[in-house]
Amino acid sequence: MALNLLFQTDTSPYLIDTDLIRSRVTRLMDNLFIENHHVSIVFMDDRDIASYNNRYRKRKGPTNVLSFPTGDYRGSTPEITNQKELGDILISIETADREAKIDNKSLNYRLTELLIHGLLHLLGYDHEQSEDEAQQMGDKEKELFNKLNHSGREKMVQLAINVDHVATIREARGITEPDPVLAAGICELAGAAGIVVHLREDRRHIQDRDVRLLRQTVKTKLNLEMATSKEIIDIALEVKPDMVTLVPEKRKELTTEGGLNVTTNKKKVLQTIKKMNKAGIPVSLFIDPDAKQIKTAKDVGATFVELHTGRYCDAESEEDRDREFTMIEESAEIAFNTGLRVNAGHGLDYLTTSRIAALETIEELSIGHAIITRSVFVGLDQAVREMMALIKPPLQGH
Ligand code: PXP
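The structure displayed is predicted, hence computed values, not measured ones.

So, the side chain of Asp322
In this structure, Asp322 sits in helix 14 (residues 318–337). Once residues within four sequence positions are removed from consideration, Asp322 is found in contact with Leu15 and Arg355.

Comments concerning the site of the ligand
Taken together, 14 residues lie around the ligand, and Glu225, Glu306, Gly347, Gly368 and His369 are the ones closest in. Take Glu225: an N or O atom from its side chain is 2.8 Å from an oxygen atom of the ligand. Between the ligand and the protein, one listed contact pairs an oxygen atom with a backbone N or O atom of Gly368 at 2.8 Å. When isolated, the ligand has an accessible area of 390 Å², and the protein chains bury 94% of it. Taken together, the residues of the shell around the ligand break down into 3 nonpolar, 8 polar and 3 charged.

Description of the pattern of salt bridges
By the definition in use, this model includes 30 salt bridges. For the salt bridge of Arg341 with Glu363, the shortest nitrogen-to-oxygen distance reads 2.7 Å. Residue Arg341 is located in strand 11 (residues 341–345), and its partner Glu363 is located in the loop between helix 15 (353–357) and strand 12 (364–367); the two are separated by 22 residues in the primary sequence. Arg341 sits in the partly exposed class, given a relative accessible area of 40%.

Focus on helix 12 (residues 291–299)
Listed in full, the buried residues belonging to helix 12 are Gln293, Ile294, Thr296 and Ala297. Looking straight down helix 12, one finds its buried side chains confined to an arc of 165 degrees; they lie on one side. Seen from the buried face of helix 12, the exposed residues on the opposite side, beyond 90 degrees, are Lys292 and Lys295. Two to three positions downstream of the cap, the backbone nitrogen of Lys292 sits 3.0 Å from a side-chain oxygen, assigning the N-cap of helix 12 to Asp290. Positive phi shows up at Gly301, right after helix 12, with a value of about 90 degrees.

Thoughts on the packing of helix 10 (residues 230–239) against helix 11 (residues 266–278)
Two quantities define a packed helix pair, namely the angle between the helix axes and the distance between the axes. Packing of helix 10 against helix 11 brings their axes to within 10 Å, and their N-to-C directions diverge by 15 degrees. Regarding the angle of helix 10 to helix 11, the classification is roughly parallel. Helix-helix and strand crossings are classified by hand; for helix 10 and helix 11 the assignment is right-handed. Mapping the contact onto sequence places Ile233, Ala236 and Leu237 in helix 10 and Thr272, Lys275 and Met276 in helix 11. Residue classes in the contact of helix 10 with helix 11 are distributed as 4 nonpolar, 1 polar and 1 charged.

Here we look at the packing of aromatic side chains
Taken as a whole, this structure holds 6 aromatic pairs when the rule is applied. Taken together, a centroid distance of 6.5 Å and an interplanar angle of 55 degrees make the contact between Tyr52 and Phe68 tilted. Within this pair, whereas Tyr52 is found in helix 2 (residues 46–57), its partner Phe68 is found in strand 3 (residues 65–69), the two being separated by 16 residues in sequence. Residue classification places Tyr52 among the partly exposed residues on the basis of a relative accessible area of 23%. Arranged with centres 5.1 Å apart and planes meeting at 40 degrees, the rings of Tyr109 and Phe145 form a pair that is tilted. Here Tyr109 is found in helix 5 (residues 107–122), whereas its partner Phe145 is found in helix 6 (residues 131–150), with 36 residues between them in sequence. You'll find Tyr109 and Phe145 in the same group, each marked buried. Here the aromatic cluster, defined as three or more aromatic residues joined through ring pairs, consists of Tyr52, Tyr56 and Phe68. Against the face of Tyr312 rests Arg321, its NZ or CZ located 5.7 Å from the ring centre.

About the thresholds
- Along each chain, residues carry numbers from 1 onward, in the same order as the chain's sequence is written.
- Residues qualify for local features only when their pLDDT is at least 70, as the model is predicted, and side-chain atom pairs are given and counted only at 80 or more; totals for whole chains, interfaces and linings, by contrast, use all residues.
- Hydrogen atoms and water are omitted, and side-chain values are computed over all heavy atoms in the structure.
- Counting from the N terminus, the helices are the DSSP runs of H or I reaching at least four residues and the strands are the DSSP runs of E reaching at least two.
- By the convention used here, residues are in contact when the closest approach between their heavy atoms is within 4.5 Å.
- Here a residue counts as near a molecule or strand whenever at least one of its heavy atoms sits within 4 Å of it.
- Pairs of N or O atoms are called polar contacts if they sit within 3.5 Å, as long as, within protein, a hydrogen donor faces a hydrogen acceptor (for residues adjacent in sequence, only side-chain-to-side-chain pairs).
- Computed with the Shrake-Rupley method and a 1.4 Å probe, the accessible areas treat only the protein chains shown as cover for residues.
- Three classes are used, and their members are as follows: Ala, Val, Leu, Ile, Met, Phe, Trp, Tyr, Cys and Pro are nonpolar, Asp, Glu, Lys and Arg are charged, and the others, Gly among them, are polar.
- For salt bridges, the criterion is a side-chain nitrogen of Lys or Arg within 4 Å of an Asp or Glu carboxyl oxygen.
- Each residue is placed in one exposure class: buried if its accessible area under a 1.4 Å probe, protein chains only, is under 20% of its type's maximum, exposed if it is over 50%, and partly exposed if it falls in between.
- Throughout, the arc means the angular range of directions from the helix axis out to the C-beta atoms.
- Note on definitions: angles span 0 to 180 degrees between N-to-C directions of axes, and those axes are lines fitted to C-alpha atoms, for helices only across the stretch in contact.
- Here is the rule for angles: anything less than 35 degrees is roughly parallel, anything more than 145 is roughly antiparallel, 65 through 115 is roughly perpendicular, and the remaining ranges are oblique.
- Crossings are sorted by hand: turned counterclockwise from the far helix by less than a right angle, the near helix makes the crossing left-handed, and turned clockwise it makes it right-handed.
- Any two of the Phe, Tyr and Trp rings considered here, Trp counted by its six-membered ring, make a pair once their centres fall within 6.5 Å; the pair's planes then place it as stacked at under 30 degrees, edge-to-face at over 60, or tilted in between.
- Sitting over a ring, as applied to charges here, requires NZ of Lys or CZ of Arg to be within 6 Å of the ring centre and within 35 degrees of the ring normal.

Keep in mind these numbers describe shape, not what the thing actually does.
Below, the structure written as structure tokens:
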């Protein structure tokens, strides 16, 4: 297969991820059984696409996508016509970007929709011919999109709840209430798919007793966040949570700051993963959305990565947020394609979660602070249910 991506305009103002687009078009062509064919995709601005639109379709103004098939494939498969050159797809990044913003989708998501549309036109589908053909084309678009999604996770994204801050309130008083173990039960009854606690070396919130009791009471899945310190590793090996997440830990930080640097801590992480895996405990590495960290995570034998969403959540402008989102989107896809299972978390709240939940390669979100703080006002059961409602199946969103 030859896929030419050509750029007739400066793409630097746009959050376009060419590797992601290339990998999606390759998968689409596989799904359409046209992997041995040539397609050229030309990205341009509104002015250029308007001139093609005017010259070849006698229409005024720009459009989002135009397809120019090399042959007429209507009614026959490309194999039968034996035509290897399928044609060109022209896309206006300017229009695609505008449409993405209106629908609150990422540019890469909108481009994927347009590429599916353009590819089907190259194969002879034409929604302008009749209602039946429009229906057929629409169905095929949905089918292809679903297939792309289905090469992602199989189920709706899961919500795992971090109950550390229930323990923070308890420790502030130095007594036994509120109990994070009881909180975990309420979260599970409200629909959480997992409970997360971070047993820090300084025991500032979660205590050993909590972890041991949670091991006995959690019905869904207990995920123990921890540093690679010997004392905590020994506790994990004894308690046997359903999984552990390795995080960096600094005494002075208020919460986990950056992701774990797997590259500089490779030896220690590798040894910890070996010990955990020997005890049957899968390991997740909490990392920044970064291709090098993902590759090292794979090399050291992690089962999961948890992508740090903090910078996305803390972004101060929409532009920065979009950029951080794109890095998470791309990293999730890279990690997924290397065979890692992908979770995400940190800083997610009632405004920032649904966009991340719509990424089809992400399996589980780990959320604590936003849910526990909201529960002070609306109750824990409702706070969990409200978050669950924001986590919709893929294809609804971005
Ligand atoms: N994931 C990891 C690895 C964390 O350390 C934390 C914070 O404890 C979270 C997720 C949850 O972050 P937040 O409390 O901001 O939702």
